[in-house]
Amino acid sequence: MSDPAPRPGHNGEARRASAWTSPRTCRVLAVVFALAALGSIVLVAVDLVVGRPATGDLFIAFLNGLAAVVLWRLGSEARRT
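Residues numbered from 1 in each chain as written. Predicted model: local features only at pLDDT ≥ 70, side-chain atom pairs only at ≥ 80, totals over all residues. Heavy atoms only, no water.

Looking now at the overall build of the protein chain. Each helix and strand counted, the protein chain has two helices and zero strands in total. Relative to its 81 residues, the protein chain shows a buried fraction of 17%. Intrachain contacts of the protein chain at a sequence separation of at least 6 include 63% that bridge at least 24 residues. (Helix = DSSP H or I, 4+ residues; strand = E, 2+ residues; numbered from the N terminus. Buried < 20%, exposed > 50% of the residue type's maximum accessible area, 1.4 Å probe, protein only. Contact = heavy atoms within 4.5 Å.)

Structure representation (structure tokens):
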């Protein structure tokens, strides 16, 4: 199969937008991290019921929540531009 002739003004390489910077990808990842944060909060409640220290699960819940907020904001900013 032969390659198509290059168009004038183009170097022949296909240009694709990065999937990581798309608003949809950021929103999907934000939802995933938000669900992970909620799961960590459930683990905190279980830790409190069982009597274990919950500091590690609180830390993970904080990090997951922070990642969800950052990704949500990145998705909304990428949508505006």
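The next subject is the side chain of asparagine 64. Looking at the element boundaries, asparagine 64 is found in helix α2 (residues 55-80). Its relative accessible area of 14% is what places asparagine 64 among the buried residues. Not counting the four nearest positions on each side in its chain, asparagine 64 is found in contact with Phe33, Ala36, Ala37 and Ser40.

This next bit is on the side chain of serine 76. The topology assignment puts serine 76 in helix α2. Exposure remark for serine 76: the relative accessible area of 16% places this residue in the buried category. Among the polar contacts listed, one links the side chain of serine 76 to the backbone oxygen of arginine 73, at a separation of 2.9 Å. (Polar contact = N/O pair within 3.5 Å; in protein donor to acceptor, adjacent residues only side chain to side chain.)

A few words on the pattern of salt bridges. For the structure on display, the rule yields one salt bridge. Its salt-bridge partner being aspartate 47, residue arginine 52 comes within 3.7 Å of it at the nearest N-O pair. Since its relative accessible area comes to 52%, arginine 52 is described here as exposed. Judged by its relative accessible area of 5%, aspartate 47 is buried. (Salt bridge = Lys/Arg side-chain N within 4 Å of Asp/Glu carboxyl O.)

On to helix α1 (residues 23-50). Helix length check: α1, at 28 residues, gives a terminal C-alpha distance of 40 Å against a target of 40 Å (1.5 Å per residue), a fit within 8%. By the burial criterion, the buried members of α1 are Cys26, Ala30, Ala37, Ser40, Val44 and Asp47. Positive backbone phi, approximately 100°, marks glycine 51, located one or two places after α1. (Expected span 1.5 Å × (residues − 1).)

Turning to the environment of aspartate 47, a few remarks are in order. For aspartate 47, the position within the fold is in helix α1. Along the chain, aspartate 47 and aspartate 57 lie ten residues apart, while their C-alpha atoms are 8.5 Å from each other. Discounting chain neighbours no more than four positions away, the residues touching aspartate 47 are Arg52, Pro53, Ala54 and Asp57.

Here the focus is the packing of α1 against α2. Between α1 and α2, the least distance of the axes is 7 Å, while the angle of their chain directions is 160°. Classed by the angle they form, the pair α1 and α2 counts as roughly antiparallel. Judged by the twist between their axes, the crossing of α1 over α2 is left-handed. Classifying every residue of the contact of α1 with α2 gives 21 nonpolar, five polar and four charged. (Axes fitted to C-alpha atoms, helices over the stretch in contact; angles between N-to-C directions. Parallel < 35°, antiparallel > 145°, perpendicular 65-115°, else oblique. Left-handed = near helix turned anticlockwise from the far one by under 90°. Nonpolar A, V, L, I, M, F, W, Y, C, P; charged D, E, K, R; others polar.)

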